[in-house]
Amino acid sequence: MLNEKENGMEAVKVSIIIPVYNIEKYVERCLDSILAQTYPHFEVIVVDDGATDKSAQLAAKYVLRDMRVRLLHKTNGGQASARNLGLEQANGDYLLMVDGDDYLLPDLLEKCVEKLELGADIVVFDYFSLNHKQQQNYVAVGTSAITAGTAPWNKMYRRALWQDVFFPEGLWYEDLGVVPFVLSKAENVCKIDEAFYVYDQSREDSQTNTVNTARYKDILQVLAHLQQQIATLPDVQTDLMAGMYLEQLGYVMTLSKSSTIKNKSERRFFLQVMQQELEKVCPHWVELTHKPESRQLKKIRRLAMHCYFRGYFLLGDMLYVWPKKLKQIGVNE
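Thresholds, definitions, all that
Residue indices follow the written sequence of each chain, beginning from 1 at its first position. It should be noted that, the model being predicted, local features are given only for residues of pLDDT at least 70 and side-chain atom pairs only at 80 or more, the latter also being counted only at that level, while totals for whole chains, interfaces and linings use all residues. Each side-chain value is derived from all of the structure's non-hydrogen atoms; neither hydrogens nor water enter the calculation. What counts as a ring pair is set by centres within 6.5 Å for rings of Phe, Tyr and Trp (its six-membered ring), and what kind of pair is set by the plane angle: stacked under 30 degrees, edge-to-face over 60, tilted for all other angles. Helix and strand assignments come from DSSP, with helices taken as H or I runs of at least 4 residues and strands as E runs of at least 2, each series counted from the N terminus. Any residue under 20% of the maximum accessible area for its type is buried, any over 50% is exposed, and the rest in between are partly exposed; the area is computed with a 1.4 Å probe on protein chains only. Any pair of residues with heavy atoms lying within 4.5 Å of one another is described as a contacting pair. Helix axes are fitted only over the stretch in contact, all axes being lines through C-alpha atoms; the angle between N-to-C directions runs from 0 to 180 degrees. Orientation labels follow simple angle bins: below 35 degrees gives roughly parallel, above 145 gives roughly antiparallel, 65 to 115 gives roughly perpendicular, and whatever is left gives oblique. It is the rotation of the near helix from the far one that decides the hand of a crossing: anticlockwise by less than a right angle makes it left-handed, clockwise makes it right-handed. Nonpolar residues are Ala, Val, Leu, Ile, Met, Phe, Trp, Tyr, Cys and Pro. Charged residues are Asp, Glu, Lys and Arg, and all others, Gly as well, are polar. Should a side-chain nitrogen of Lys or Arg be within 4 Å of a carboxyl oxygen of Asp or Glu, the pair is scored as a salt bridge. Any two strands between which DSSP finds at least two bridges are classified as paired. Look down the strands so they point away from you; if going from the first strand over the helix to the second traces a clockwise path, that crossover is right-handed. By nonpolar core is meant a set of buried Ala, Val, Leu, Ile, Met, Phe, Trp, Tyr and Cys residues that side-chain atoms within 4.5 Å join together.

**Details of the packing of aromatic side chains**
Line of reasoning, step 1. Scanning all chains against the criterion turns up 11 aromatic pairs.
Line of reasoning, step 2. With centroids separated by 4.9 Å and ring planes inclined at 90°, the aromatic side chains of Tyr127 and Trp153 adopt a geometry described as edge-to-face. Within this pair, whereas Tyr127 is found in strand E6 (residues 122–130), its partner Trp153 is found in the loop between strand E7 (136–139) and strand E8 (155–158), the two being separated by 26 residues in sequence. Assigned by exposure class, Tyr127 and Trp153 land together as buried.

In structure tokens:
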């Protein structure tokens, strides 16, 4: 076992929060990647969210192995409640959130802390997406509240930004309700054009790969929560919220998620709600420029959205879905 001086506990700088629920196949890989970091001054807060498999027992071995690792237990309440408990217990100056089925590259902490020590409030970095064939795809992100992505894990934060800020509990898409708000609070957002995080999308039972139309209304509640949070900022953020509604209800829900709904009447109703809610906040969504994208891609996306909203699913797929599939086939060949 490492002693305090050896493991850097005298100068805890980074608190790493990991919610854990039934991921026994992945949790050791995640923790090994953290303990292999080139920067040593961190604490790991593993939050067992009432796991019913061996996830907590496996994490407990790391508590005995390294004093930087803590294990907290709670009844199952969802990923948001687990992260919130971790936020309450964090001691570091900086925060990193990691999903327990993902893993880190060795120099993530070192590179990000360097930028934070130079005055950044948030460091955003790119990541690798791992598919079911175990193929890694590089994903580049931006620095705005929209282009940086709503996931909390491809960013390291100054902990003060999370003072009295928590994830909305009991809802899907909970990241969307708080991460863009924290990004909007920051005065200095720094970007490192390197991938330090591997996002594992190969699990069939992960929320990312799960289609649950019964929970689609959650995104409306989460967006409303975000709107309330944004309203507390000193500067008016009308354009941000319009862009966020377009990105989430238009690009994510309409263009991506709706294509997985096989029942046509169910899909039609889903899209009617998405259109109605989008146009309440962003009535001029056809013309709005909310993030960098080519004129051609913007036109294709908006035309496809029109087709889906009107029930022309095949035409929408021809415009947006088929070209992407053909491109993927070409890449794989």
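**Details of the environment of Pro180**
Line of reasoning, step 1. In this fold, Pro180 is placed in helix H6 (residues 179–185).
Line of reasoning, step 2. Apart from residues lying up to four places away in sequence, Pro180 is in contact with Ala145, Thr150, Asp175, Leu226 and Met244.

**Observations regarding the side chain of Thr254**
Line of reasoning, step 1. Considering the arrangement of structural elements, one finds Thr254 in helix H8 (residues 238–257).
Line of reasoning, step 2. The class for Thr254 is buried, based on a relative accessible area of 0%.

**A short note on the packing of helix H2 (residues 27–35) against helix H3 (residues 55–65)**
Line of reasoning, step 1. Close contact between H2 and H3 brings their axes to 9 Å; oriented N to C, the two are set at 25°. One finds that H2 runs roughly parallel with respect to H3. H2 and H3 meet at a crossing whose hand is right-handed. In contact with Val27, Glu28, Leu31, Asp32 and Leu35 of H2, H3 contributes Ser55, Leu58, Ala59, Tyr62 and Arg65.

**Topic: the packing of H8 against helix H10 (residues 295–309)**
Line of reasoning, step 1. At a minimum axis separation of 10 Å, H8 and H10 run at an interaxial angle of 65°. Relative to H10, the element H8 lies roughly perpendicular. In this structure, H8 crosses over H10, and the sense of that crossing is left-handed. Residues Leu246, Gly250, Tyr251, Thr254 and Leu255 of H8 touch H10, and the partners they reach there are Arg301, Arg302, Ala304, Met305, Tyr308 and Phe309.
Line of reasoning, step 2. Taken together, the residues that form the contact of H8 with H10 break down as seven nonpolar, two polar and two charged.

**What about the pattern of salt bridges?**
Line of reasoning, step 1. Counting across every chain of the model gives 20 salt bridges.
Line of reasoning, step 2. With its nearest N and O atoms 3.2 Å apart, the salt bridge here joins Asp93 to Lys13. Taken as a pair, Asp93 in the loop between helix H4 (79–89) and strand E4 (94–97) and Lys13 in the loop between helix H1 (4–7) and strand E1 (14–20) lie far apart in primary sequence, 80 residues in all.
Line of reasoning, step 3. The partly exposed category is assigned to Asp93, whose relative accessible area is 38%.
Line of reasoning, step 4. The class of Lys13 is partly exposed, set by a relative accessible area of 24%.
Line of reasoning, step 5. A single network of salt bridges, built from pairs that share partners, joins Arg83, Asp99, Glu174 and Asp175.

**Here's the deal with the pairing of E7**
Line of reasoning, step 1. Note that E6 and E7 share four bridges and pair antiparallel. Looking across to E7, one finds that Leu130 is bridged to Gln136.
Line of reasoning, step 2. Connecting E6 to the next strand, E7, in antiparallel fashion are five residues, including Gln134 with a positive phi near 65°.

**Examining the pairing of strand E2 (residues 42–49)**
Line of reasoning, step 1. For E2, a buried count of eight out of eight residues is recorded, marking the element as mostly surrounded by other parts of the structure.
Line of reasoning, step 2. Taking every second residue as pointing to the same face, both faces of E2 are buried, with Phe42, Val44, Val46 and Asp48 on one and Glu43, Ile45, Val47 and Asp49 on the other.
Line of reasoning, step 3. Taken together, the seven bridges between E1 and E2 define a ladder with parallel strand orientation. Looking at E2, one finds that Val14 is bridged to Phe42.
Line of reasoning, step 4. A crossover connection joins E1 to the parallel E2 through H2; in handedness this β-α-β unit is right-handed.
Line of reasoning, step 5. Sheet topology places E2 next to strand E3 (residues 69–74); six bridges connect them, and they run parallel. From the neighbouring strand, Ile45 faces E3, where its bridge partner is Arg70.
Line of reasoning, step 6. Read from E2 through H3 to E3, the crossover connection turns out right-handed.

**Notes on the environment of Val14**
Line of reasoning, step 1. Mapped onto the fold, Val14 is located in strand E1.
Line of reasoning, step 2. For the pair Val14 and Ala224, spaced 210 residues apart in sequence, the C-alpha separation works out to 31 Å.

**Observations regarding the nonpolar core**
Line of reasoning, step 1. Ranked by internal contacts, the top residues of the largest apolar core, which has 106 residues, are Val14, Ile18, Leu96, Met156 and Trp162.
Line of reasoning, step 2. Looking at this core, the element that brings in the most residues is H8, giving 10 residues.
Line of reasoning, step 3. If we ignore the near neighbours within four places in the chain, the residues touching Trp162 are Leu87, Leu95, Met97, Tyr157, Phe167, Val178 and Val182.
Line of reasoning, step 4. In this structure, Tyr103, Phe128, Leu130 and Val198 belong to the second largest nonpolar core, which totals five residues.

Read these as spatial facts, not as claims about activity.
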